[in-house]
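Examination of the molecular architecture
Here is what each chain is made of, one letter per residue.
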Amino acid sequence: MVDADTTRRTLLLGLAAISFAGRALAETIVDLEWRDLLPEDDRSLPGNLQQLLPHDEADLAARQPMSTGIRTDWNGQEVRLSGFIVPIDYKGTGVSAFILVPYVGACVHVPPPPANQLVFVTTGTPYESTGMFEAVTVTGMFGTASTSTQLAEIGYALSADDIRPYR
């Protein structure tokens, strides 16, 4: 027979363990900035917006600058990164795949940034976007992945667990 003090102690230890595990899990998410995706020796941010092009300009993808390399530091880790949505695929009314870009207009209105400044995002739960270039914060499993679309070559991939409007 278990007495009330032992039950209470066991319950408190269990709650403490759950609380600790929850904090540890939350601490494992790496907050990334776009500069973090550049090679360590490259501190410039691509995406020169000096030459805004008309919407009907042909072949923006052909004007994509070469990537200076990618980083593998966060492969297989949960990360959080904010950027803008360029939809690639829909499921129903929600976006199920998109390119996360560092600035508005990338890949559509201006030439795309280098591959090391683009992230291909997929999600099992389609995101109900408010439109092209919505600002979002994406959390999920991150990795390097060479992906080619009609819009650009992409250097990274993120399997999204959570997509939220940027705040």
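Structure report, in brief. Numbering of residues starts from 1 in each chain and follows the order in which that chain's sequence is written. Since the coordinates come from a predicted model, pLDDT governs what is reported: local features require at least 70, and pairs of side-chain atoms require 80 or more to be given and counted, while whole-chain, interface and lining totals use all residues. Side-chain measures here rest on the full set of heavy atoms in the structure, leaving out hydrogens and waters.

1. Observations regarding the pairing of strand β2 (residues 78-91)
At least two bridges found by DSSP between two strands are what make those strands a pair. Runs of E in the DSSP output that reach at least two residues are strands. Runs of H or I that reach at least four are helices, and both are numbered from the N terminus. As defined by bridge partners, strand β1 (residues 30-31) adjoins β2 across two bridges and the pair is classed as parallel. Its bridge partner lying in β2, Val30 is registered against Val79. Across seven bridges, β2 lies against strand β3 (residues 94-101) in antiparallel orientation. For Asp89, the partnering residue across the bridge sits in β3 and is Ala97. Joining the antiparallel neighbours β2 and β3 is a turn of two residues, in which Gly92 adopts a positive phi near 65°.

2. So, unusual backbone geometry
The phi dihedral of Cys107 falls on the positive side, at around 80°, and the residue is not glycine. Summarising the element assignment, Cys107 is placed in the loop between β3 and β4 (119-127). Relative accessible area serves as the criterion here: at 3%, Cys107 is assigned to the buried category. Phi angles above zero are rare outside glycine, and Phe133 is one such case at about 65°. For Phe133, the position within the fold is in the loop between β4 and β5 (135-148). For every residue, the accessible area (1.4 Å probe, protein chains only) is compared with the maximum for its type, and the residue is labelled buried under 20%, exposed over 50%, or partly exposed between those bounds.

3. Topic: the nonpolar core
Leu100, Val119, Val138 and Phe142 are the most contacted members of the largest nonpolar core, which totals 20 residues. Elements with a contribution of two residues or more to this core: β2, β3, β4, β5 and β6 (153-165). The biggest single contributor to this core is β6, with four residues. Discounting residues that sit within four places of it in the chain, Val119 has contacts with Trp34, Leu37, Leu81, Phe98, Ile99, Leu100, Phe142, Ile154, Tyr156, Ala157 and Leu158. Within this scheme, the nonpolar core is defined by two criteria: the residues are buried Ala, Val, Leu, Ile, Met, Phe, Trp, Tyr or Cys, and they are joined through side-chain atoms within 4.5 Å. By definition in these notes, contact holds between two residues if any of their heavy atoms fall within 4.5 Å.

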